[in-house]
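Now for the letters of each chain:
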Amino acid sequence: MSINRRDFLKFSAIAAALTATPRIIKAQSPPKVVIIGGGFAGSTVARYLSMWSQQTLDIQLIDPSDAHISCVLSNLVLNGRISLGQLALEHASLNKLGIEVIKNQVMSINHGGSYVVLKSGDTLVYDTLIIATGVDFKPLTNLNVDITPHAWIAGEQTTLLANKINALSSGATFIMTVPKAPYRCPPGPYERACLVADIFQRNGLDNGGGKVIVLDENANIQAERHTFERAFNELYGDVIEYIPNMIIEDVESLGGNVVTASQTFNGDLINVIPRHQASPIIRNAGLTGLGDWALVDPLTYESTLAEFAGIYVIGDSQNTNQPKSAHMANAQAKICADAIIRTFTGLSNYDQERIENVTTNSACYSPITFDEASWLSANYAYDQITQQMQATHIGEAENWSKDNYKQMFDWANNLFNDSFGNTL
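Since we're looking at a predicted model, the values are computed, not measured.

Please give an account of the packing of aromatic side chains that cites residues and values.
Tallied over the full model, the rule gives 9 aromatic pairs. Measuring from centroid to centroid gives 6.5 Å for Tyr190 and Tyr242, while their planes differ by 65 degrees, and the two rings are edge-to-face. Of the two residues, Tyr190 sits in helix H5 (residues 188–202) while Tyr242 sits in strand E13 (residues 240–243), which places them 52 residues apart along the sequence. An angle of 45 degrees between the planes, with centres 5.7 Å apart, marks the rings of Phe232 and Tyr242 as tilted. One end of the pair, Phe232, is in helix H6 (residues 225–235); the other, Tyr242, is in strand E13, with 10 residues separating them in the sequence. Here the aromatic residues Tyr190, Phe228, Phe232 and Tyr242 are joined through ring pairs into a cluster of three or more. Its guanidinium or amino end placed over the ring of Trp293, Lys324 lies 3.8 Å from that ring's centre, counting from NZ or CZ.

Here you go:
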């Protein structure tokens, strides 16, 4: 389905997820909220808890880094359009809202005692715990990420992959894999394939039979299918070879081999993106049950496992049938913040008016060439029958364009500012 730009801007606007947010009742001892993870989900929920509660909460955010390196726009590091340093979103701005940012790492959660244990050996007690720790990768035999970078968590891996691409010679073969869904950023791998193919064309690497081979574990393209099918065939038909249903069984980093159920592919550079699962802290705590993702109620993002009452999971590690994306993490964080404030004030999270207004959206732009981009917009609403979030609208641009490429940075800056108080 295609929609015009006016509709896209309406659907992708960054706004509060709910029509009204209650004010928290002031108490002598402010409730203590501990947030694990300072990415888009964690930073957004910290900001909105502070802003909506009129600073009557004791909020602590724990992250091992001073800044979050944005995966949004990170594929542009590969072709030199942006630097990795520009994507560093500082946590310092959270301090201005009265949020205590602790540079540390949570090693374990004691849900019975309502405290977390830090790498430093210290413990932090909480009334409410929010976990926003992104994704982890399932192991692949013989995969060495220093030789075969995934670059799916932005940072050193992104720089490493960019350097390896720039070192390729004419006629080289670049092989990348797309993990079985669900995975972080549904259009991201296909966007990367386009940008690498563009690098091949602009730098003459396609001469002598240079190829970008995309091995997709899924049956078809997972997002912006119309856009990427056209791009693969019309723009990069001589460079990109797209092969679906390629289940990755092994990766031989030293030999440059990707082993699938049907054949082995050899490349000069292989970019394997492993299958995803919830972060170790979530799995080790038991929040996933027997599955890969945390089990949560999409009306609140609180765990649905009774022993984990008061623990919330937002962002990429939960199981609510929504895209795993930065924009979606931002939207979920606002619903979670509202739910927590309601709980502290004794208001119901399950009154009919609130249920009808629990909606989220996920918008993103995808660079297709050196200076052209497309976009995708998806809206979700709570379904009272399935008790899950269901898509109510999915649309993509009719074509990629230079104007979309310029708009991409406005969209990203709006998201960065709303989540972190930072811009490029």
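Past the structure itself, the notes keep going.
Describe in detail the side chain of Ser374, supporting the description with residues and values.
In this structure, Ser374 sits in strand E21 (residues 373–383). One polar contact links Ser374 to Thr227, side chain to side chain, over a distance of 3.4 Å. Aside from chain neighbours lying at most four places away, what touches Ser374 is Glu224, Thr227, Cys364, Tyr365, Ser366, Ile368, Ala397, Trp400 and Asn404.

An account of the pairing of strand E9 (residues 128–131) is needed here, citing residue identities and associated values.
Strand residues, when the strand is regular, have side chains that alternate between the two faces of the sheet. Going residue by residue along E9, you find Thr128 and Ile130 tucked away on one face and Leu129 and Ile131 tucked away on the opposite face as well. Here strand E1 (residues 32–36) pairs with E9 via 4 bridges, running parallel. Residue pairing in the sheet places Val34 in a bridge with Leu129 of E9. Of the strand pairs in this sheet, E9 and strand E19 (residues 311–313) are connected by 3 bridges, and their pairing is parallel. If you follow Leu129 over to E19, its bridge partner there is Ile311.

The rules behind these values
Residues numbered from 1 in each chain as written. Predicted model: local features only at pLDDT ≥ 70, side-chain atom pairs only at ≥ 80, totals over all residues. Heavy atoms only, no water. Phe/Tyr/Trp six-rings, centres within 6.5 Å; stacked < 30°, edge-to-face > 60°. Helix = DSSP H or I, 4+ residues; strand = E, 2+ residues; numbered from the N terminus. Lys NZ or Arg CZ within 6 Å of the ring centre and 35° of its normal. Polar contact = N/O pair within 3.5 Å; in protein donor to acceptor, adjacent residues only side chain to side chain. Contact = heavy atoms within 4.5 Å. Buried < 20%, exposed > 50% of the residue type's maximum accessible area, 1.4 Å probe, protein only. Pairing = 2+ DSSP bridges.

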